[in-house]
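The residues making up each chain are set out below.
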Amino acid sequence: MSGGDAPGGGGEDLRVADPRWHIRVRGLCKAFGSNLVLDHIDLDLERGKVNVIIGASGAGKSVLVKHFMCLLRPDTGSVWVDGTDVFALATKPLSTFRRKFGLVFQFAALFDSLSVEDNCAFPLREHTTKSKAEIKEIVRDRLAALGLDGTQKKFPGELSGGMRKRVGLARALVLDPEILIFDEPTTGLDPLATRNVDEMILAAAERYNVTSVVISHDMASVFRIADRIAMLHQKRILASGTPDEIRAHPDPYLSGFIRASGVGAALGTTDRADRSERTDREDAEAAS
Amino acid sequence: MSGGAAAPPPGGEPPAPAPRESLVGAVGTGVRDAFAPAMRFLDIVGGHVILLMRALSWLPRRPIRAGNYVEAAEYIGFGSLPIVLLVGAFTGMVMTLQSVYAFKAFGLESMAGGITGKALALELGPVLTALMLAGRAGAGIATELGTMRISEQIDALESMAVNPVQYLVLPRVIAGMIVTPMLTLLFFVVGMAGSYLVAVMWQGVDHGQFVYNAEELIRPMDIVQGEIKAVVFGVMVILIGCYQGYHATGGGRGVGLGTTRAVVIASVSVLVIDYFLTDILLTVLGGPGDT
């Protein structure tokens, strides 16, 4: 993920799908009435990685991400996904385009009137011609992968917050999306549930080989899962880079943001690169 | 201490008067303020019309999702049936009771059935049915869609490439358009049954005279006129419920306010539109004096 100093800043051809950058945002501005929320955002999100967008509450993270799949339209600027200008799409191509995405909402946004199974089957029934048996099998597979097998007949009201988020992810995964967006996935969860959700995001990214975009301000969680981080502050991208680059960034607001969340250098060993190193070491030890 | 405006010394220059708004600016502000309620009203009306047009533009497009239409018709129609029948029966009964007592002095109590039927077919049927729907189905739809809006379920639909207007609004509006005339017709039927019960069984009006006068007074065109009104009211009441729910903001309180607005706006609109619609229908279809 890169911010204002986007790769190929000069003569880049955004109409060509880039092997590294999956989503590319250029000069995005959005205001609601007189309230300017995003001001000339330039951002690139890396293919197949976990890209985290951080920022204070109300900074405009969700607003930014909703532009990726054209749930909102900007005042100026563009978003390119695999060389496609999102805002130039007509109604029907846009509908097809949106199937590239799976969106996991902050509070899951499950349909109250439908069971877990029907919630997960909803996108399949809408967009495929699969038989009932095939749909049932896909749903069972996705739920089982997230440890939810056996909850098919339950209704959202009967589930805990963490389970609802996992059902939300299962629903987002049934159409095999290329890009998964998580809107504040750990908000309101206890530490253990937060860790479970982090594991779920990493597992989904690896198992289904998707580009993940996570909106969060939970820095402990961010450093556990992120391959790349971008910070949104005062309507612009303040910094972007790898977790190490973000941790070492000189900007006082950013370092203060990280410090205030209780995640400093001392906790740096919890980040994703170190986790994979540790896992490799443990695997090697186990093998020997 | 420094800073702040010090009081002028006695005998010094008086403070400069605050800058006054220019006359043109003041007039502009006044006109804008005066027309603000009208602009808000037009804004709301326009919003409803746009939502209706957006919904109808999806009508010929696939997927059809027949289940959604059936579900909406079941909720609006079948769910409202008991209350509509109850209100219809007692409206016919009380109307007849009043008519019998009023006309007894003139020996015209046998006219009670015909007069009640005329009122039920032309006004009471469509209007009271629409008011019942506003209180039950309109409020229920506003709450349901409002809850879906604030819990991001509508955004979820959109993110799954499902158009929420086509999925949520269109089936309800079409269902309202179809089932409201049916409910109105049933309202009329049970109202007439109640009228017969009171007039013939309890008040001693002759069966033959009751039926004869009813047939003489109630024209088929009265029923048609009531059904046309019912179609308009059905669309209007359900559309208002959808609009208030679809555009709900501000959490639970916003949903509550939307629901209240849905009932109030729909009820008032039914009564106001009824007058103008009656005027148009009497002109187009002809009044009781026309043959």
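Relevant structure appears above.
Reading guide: rules and limits
Residues numbered from 1 in each chain as written. Chains lettered and ligands numbered in written order. Predicted model: local features only at pLDDT ≥ 70, side-chain atom pairs only at ≥ 80, totals over all residues. Heavy atoms only, no water. Helix = DSSP H or I, 4+ residues; strand = E, 2+ residues; numbered from the N terminus. Buried < 20%, exposed > 50% of the residue type's maximum accessible area, 1.4 Å probe, protein only. Contact = heavy atoms within 4.5 Å. Areas by Shrake-Rupley, 256 points an atom, 1.4 Å probe, with all protein chains shown as cover. Patch = residues over 30% accessible without salt bridge, like charges linked within 9 Å, V, L, I, M, F, W, Y side chains within 5 Å. Salt bridge = Lys/Arg side-chain N within 4 Å of Asp/Glu carboxyl O. Buried area = accessible area lost by both parts, 1.4 Å probe. Polar contact = N/O pair within 3.5 Å; in protein donor to acceptor, adjacent residues only side chain to side chain. Axes fitted to C-alpha atoms, helices over the stretch in contact; angles between N-to-C directions. Parallel < 35°, antiparallel > 145°, perpendicular 65-115°, else oblique. Left-handed = near helix turned anticlockwise from the far one by under 90°. Nonpolar A, V, L, I, M, F, W, Y, C, P; charged D, E, K, R; others polar. Pairing = 2+ DSSP bridges. Core = buried A, V, L, I, M, F, W, Y, C linked by side-chain atoms within 4.5 Å. Right-handed = clockwise from strand over helix to strand, strands pointing away. Expected span 1.5 Å × (residues − 1). Bend = angle between axes of the 7 residues up to and from the residue.

Novice: Please explain the overall build of chain A as it appears in this structure.
Specialist: Helices and strands together make up the secondary structure of chain A, namely 10 helices and 10 strands. Looking at chain A as a whole, 51% of its 288 residues qualify as buried. Summarising the internal contacts of chain A: among those between residues at least 6 apart in sequence, 65% fall at separations of at least 24. With an accessible surface of roughly 12600 Å², chain A has 51% of that area assigned to carbon and sulfur atoms.

Novice: Sorry if this is basic, but what is going on with a nonpolar patch on the surface here?
Specialist: All names here are of chain B. Taken together, the side chains of Leu23, Val27, Val31, Phe35, Met39, Phe41, Leu42, Val45, Val49, Met53, Leu56 and Leu59 make up a nonpolar region of the molecular surface, amounting to roughly 1200 Å² of accessible area. Tracing the backbone through its elements, the reader meets Leu56 in helix H1 (residues 23-57). For Leu56, a relative accessible area of 33% translates into the label partly exposed.

Novice: Would you mind going over the interface of chain A and chain B with me for this structure?
Specialist: A common way to report how large an interface is uses the accessible area buried once the components associate. With 21 residues of chain A at the contact, the number on the chain B side is 17 residues. Summing both sides of the interface, chain A and chain B together bury roughly 1400 Å²; the carbon and sulfur share of this comes to 59%. Lys66(A) is the salt-bridge partner of Asp155(B), the closest N and O atoms lying 3.6 Å from each other. The tally of links from chain A across to chain B stands at three residue pairs in polar contact (both at pLDDT 80 or more). Counting only elements with at least two residues in the side of chain A that touches chain B, the list comes to helix H2 (91-98) and helix H3 (116-127) of chain A. Top contributing element to the side of chain A that touches chain B by residue count: H3(A), with four residues.

Novice: Please clarify how the packing of helix H8 (residues 220-246) of chain B against helix H9 (residues 251-285) of chain B should be interpreted in this entry.
Specialist: Angle between the axes and distance between the axes are the two parameters that describe a pair of packed helices. Residues and elements named next belong to chain B. It is at 9 Å that the axes of H8 and H9 come closest, and there the two elements cross at 150°. Considered as vectors, H8 and H9 are oriented roughly antiparallel to each other. Considering how the two elements wind past one another, H8 and H9 form a crossing that is right-handed. The residue inventory of the contact of H8 with H9, partitioned by class, reads 16 nonpolar, six polar and three charged.

Novice: Looking at this structure, I do not really get the sheet that holds strand S9 (residues 228-233) of chain A. What am I missing?
Specialist: Two pairing modes exist for strands in a sheet, parallel and antiparallel, and in both the strands are linked by backbone hydrogen bonds. Residues and elements named next belong to chain A. Taken in spatial order, the six strands make up an open sheet running S6-S7-S8-S3-S9-S10, and their pairing is mixed. At either end of the open sheet lies a strand with only one pairing partner, and these are strand S6 (101-104) and strand S10 (236-241). Recorded for the sheet is a direction-independent mean angle of 15° between the axes of neighbouring strands. As judged from the five bridges shared by strand S3 (residues 50-54) and strand S8 (residues 211-216), these two strands associate in the parallel manner. Across the sheet, residue Asn51 finds its bridge partner in S8, namely Val213.

Novice: Whenever I open this one, the environment of Ser57(B) confuses me. Can you help?
Specialist: Structurally, Ser57(B) can be placed in helix H1. The spatial distance from the C-alpha of Ser57(B) to the C-alpha of Gln166(B) is 8.7 Å, given a sequence separation of 109 residues.

Novice: It is not clear to me how the side chain of Arg24(A) should be interpreted in this structure. Could you clarify?
Specialist: Its location among the elements puts Arg24(A) in strand S1 (residues 21-32). Of the polar contacts made by the side chain of Arg24(A), one reaches the side chain of Asp44(A); its length is 2.7 Å.

Novice: It is not clear to me how the pattern of salt bridges should be interpreted in this structure. Could you clarify?
Specialist: Two side chains of opposite charge can pair, provided their charged atoms sit close to one another. All names here are of chain A. The final tally for this structure, using the stated rule, is 28 salt bridges over all chains. With a closest N to O distance of 3.9 Å, Glu184 and Lys61 form a salt bridge. With a gap of 123 residues between them, Glu184 in the loop between strand S7 (179-183) and helix H6 (191-208) and Lys61 in helix H1 (residues 61-68) connect regions that are remote in the sequence. What makes Glu184 buried here is its relative accessible area of 11%. Given the relative accessible area of 3%, Lys61 is considered buried.

Novice: What's the story with unusual backbone geometry in this structure? I'm lost.
Specialist: It is generally the case that most residues other than glycine have a negative phi and that most peptide bonds are trans. Cis peptide bonds are those with omega within 30 degrees of zero, and the linkage from Arg62(B) to Pro63(B) qualifies with -5°. The topology assignment puts Pro63(B) in the loop between H1 and helix H2 (66-78). Phi angles above zero are rare outside glycine, and Gln234(A) is one such case at about 50°. If you trace the backbone, Gln234(A) turns up in the loop between S9 and S10.

Novice: Just checking my understanding: could you explain the nonpolar core for this structure?
Specialist: Nonpolar side chains in soluble globular proteins tend to end up buried together. In terms of nonpolar packing, the biggest core is built from 96 residues, with Ile23(A) and Phe68(A) touching the most fellow members. With 15 residues, the top contributor of residues to this core is helix H6 (residues 164-202) of chain B. Excluding its chain neighbours within four sequence positions, the residues that come into contact with Phe68(A) are Ile23(A), Val25(A), Leu45(A), Ile53(A), Val79(A), Val81(A), Val86(A), Phe97(A), Phe101(A), Ile181(A) and Val213(A). Counting residues in each nonpolar core, the second largest holds 49 residues, with Ala172(A), Leu202(A), Ala205(A) and Ile229(A) among its members.

Novice: Would you mind showing me how to read the pairing of S7(A) here?
Specialist: For a regular strand, the rule is simple: side chains alternate between the two faces of the sheet. Residues and elements named next belong to chain A. Of all five residues that make up S7, five are buried, and the element is covered over most of its length. Because side chains alternate across S7, one face comprises the buried residues Ile179, Ile181 and Asp183, and the other comprises Leu180 and Phe182, equally buried. Bridge count between S6 and S7: four bridges; the pairing is parallel. Across the sheet, the residue bridging to Gly102 is Leu180, located in S7. Of the strand pairs in this sheet, S7 and S8 are connected by five bridges, and their pairing is parallel. Along S8, the bridge assignment pairs Phe182 with Val214. Regarding topology, H6 serves as the crossover connection from S7 to the parallel S8, and that connection is right-handed.

Novice: I keep staring at the sheet that holds strand S2 (residues 35-46) of chain A and nothing clicks. Help me out?
Specialist: Residue and element names in this part refer to chain A. One open sheet accounts for four strands, arranged S2-S1-S4-S5; its pairing is antiparallel. The open sheet is flanked by S2 and strand S5 (84-85), the only strands paired with a single partner. Where strand S4 (residues 76-81) meets S5, two bridges bridge the pair, whose relative direction is antiparallel. Bridge pairing in S5 links Trp80 to Asp85.

Novice: Hey, could you run me through H9(B) in this one?
Specialist: Count 3.6 residues to each turn of an α-helix, and residues three or four apart come out pointing the same way. Residues and elements named next belong to chain B. For H9, with 35 residues, the first-to-last C-alpha span of 47 Å sits near the 51 Å given by 1.5 Å per residue. Asp274 marks the point of greatest bend in H9, at about 25°. Of the residues one or two after H9, Gly286 is the one with positive phi, at around 95°.

Novice: Would you mind going over the environment of Val237(B) with me for this structure?
Specialist: Residues and elements named next belong to chain B. Following the sequence through the fold, Val237 ends up in helix H8. For Val237, a relative accessible area of 2% gives the class buried. Linking Val237 and Ala139, residues 98 residues apart in sequence, is a C-alpha distance of 9.4 Å. What Val237 contacts, discounting residues up to four positions off in sequence, is Ala130, Leu133, Ala134, Gly138, Ala266 and Val270.

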